[in-house]
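Next come the chains, spelled out residue by residue.
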Amino acid sequence: MSSYPAILEHFEAIERFTANQFITAAHIVYGWMPTILELNVNSLPEALPVMEAARHGLVLTASQIAQLAGTVNNSVIGASKLLHFTNPSVYPIWDSRVFQFLNRSDTAPALKGHHYQVNNATLYETYAQTCREVAVTTDFQPTYDSLIEQFRDLPGYETFKITPLRALEYIMFMAGGKQMSDKMFTAGTT
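Within each chain, residue numbers correspond to sequence positions counted from 1 in written order. pLDDT decides what is reported in this predicted model: residues at 70 or higher carry local features, side-chain atom pairs at 80 or more are listed and counted, and totals for whole chains, interfaces and linings draw on all residues regardless. Side-chain descriptors were evaluated using all non-hydrogen atoms of the structure, hydrogens and water having been removed beforehand.

Caption draft 1: Representation of the environment of G78 in the model. For the purposes of this entry, the term helix denotes a DSSP run of H or I that reaches at least four residues, the term strand denotes a run of E that reaches at least two, and both are numbered from the N terminus. Relative to the helices and strands, G78 resides in helix α5 (residues 76-86). Each C-alpha atom of the pair G78 and M33 lies 8.4 Å from the other, and the pair is 45 residues apart in sequence. Working rule for contacts: check all heavy atoms of both residues, and any pair within 4.5 Å makes them a contact. Every residue in contact with G78, bar those within four places of it in the chain, is listed here: V29, Y30, M33 and V72.

Caption draft 2: Inspection of the side chain of S43 at higher detail. Structurally, S43 can be placed in the loop between α2 (19-30) and α3 (44-55). Exposure is judged per residue with a 1.4 Å probe applied to protein chains only, and the accessible area is read against the type maximum: over 50% gives exposed, under 20% gives buried, and values in between give partly exposed. S43 sits in the buried class, given a relative accessible area of 13%. If we skip the residues at most four places from it in the chain, S43 touches G70 and T71.

Caption draft 3: Expanded view of the nonpolar core. Take the buried Ala, Val, Leu, Ile, Met, Phe, Trp, Tyr and Cys residues and link them wherever side-chain atoms come within 4.5 Å; each set so joined is a nonpolar core. F11, F22, L82, L83, W94 and Y124 are the most contacted members of the largest nonpolar core, which has 58 residues in total. Among all residues touching F11, those that are not within four sequence positions of it are F17, A25, V29, L82, F85 and T86.

Caption draft 4: Here's a closer look at the packing of aromatic side chains. Centres within 6.5 Å make a pair out of two Phe, Tyr or Trp rings, where for Trp the six-membered ring is used; the pair is then stacked when the planes are under 30 degrees apart, edge-to-face when over 60, and tilted otherwise. Taken as a whole and assessed by the stated rule, the structure comprises seven aromatic pairs. Ring centres of Y124 and Y127 lie 6.0 Å apart, and the angle between their planes is 50°; this geometry places the pair in the tilted category. Of this pair, Y124 and Y127 are both found in helix α8 (residues 121-135), three residues apart, which corresponds to roughly one turn of the helix. Of the two residues, Y124 and Y127, neither departs from the other in class, the shared state being buried. Consider the rings of F151 and Y170, whose centres lie 5.1 Å apart with planes at 65°: the pair is edge-to-face.

Below, the structure written as structure tokens:
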């Protein structure tokens, strides 16, 4: 979590995405991932306006997300991380651990998120919209407050703000297919 504020700071300093800034941002995001970046520089002219739209708060369509993914490893996961750091209030991070969390049940083990299941722009679009809706509910507020209280002890916390969307995604990521106790979801309500 200590690298998160530094990455956010870098993205916040971007006034307008140029090809060089996009390439740098993609390398920064892929430094967070266990994957080597394969950048499709030929698709940069189409990707840059998409990043600019996301930076200004436009909710992207599945088609635009897929277009962005085509620039970075053909990866919706990579695109979601670029989008998140570009606008953390609008775009949650998406990966196989979040997929596992969302596909668990009390009676069956969590599905392992295979590439063909997770690398789906339409699924990410639906996930992002659902996260935006949940993150603004009053039911989520006590959980958010509890998580923020835990983060206050992290070095550098005072230099950045964890958005409700990031907090929600972080909970799903940390659970990553493991069964979570109900206590985490009722934090602050007892």
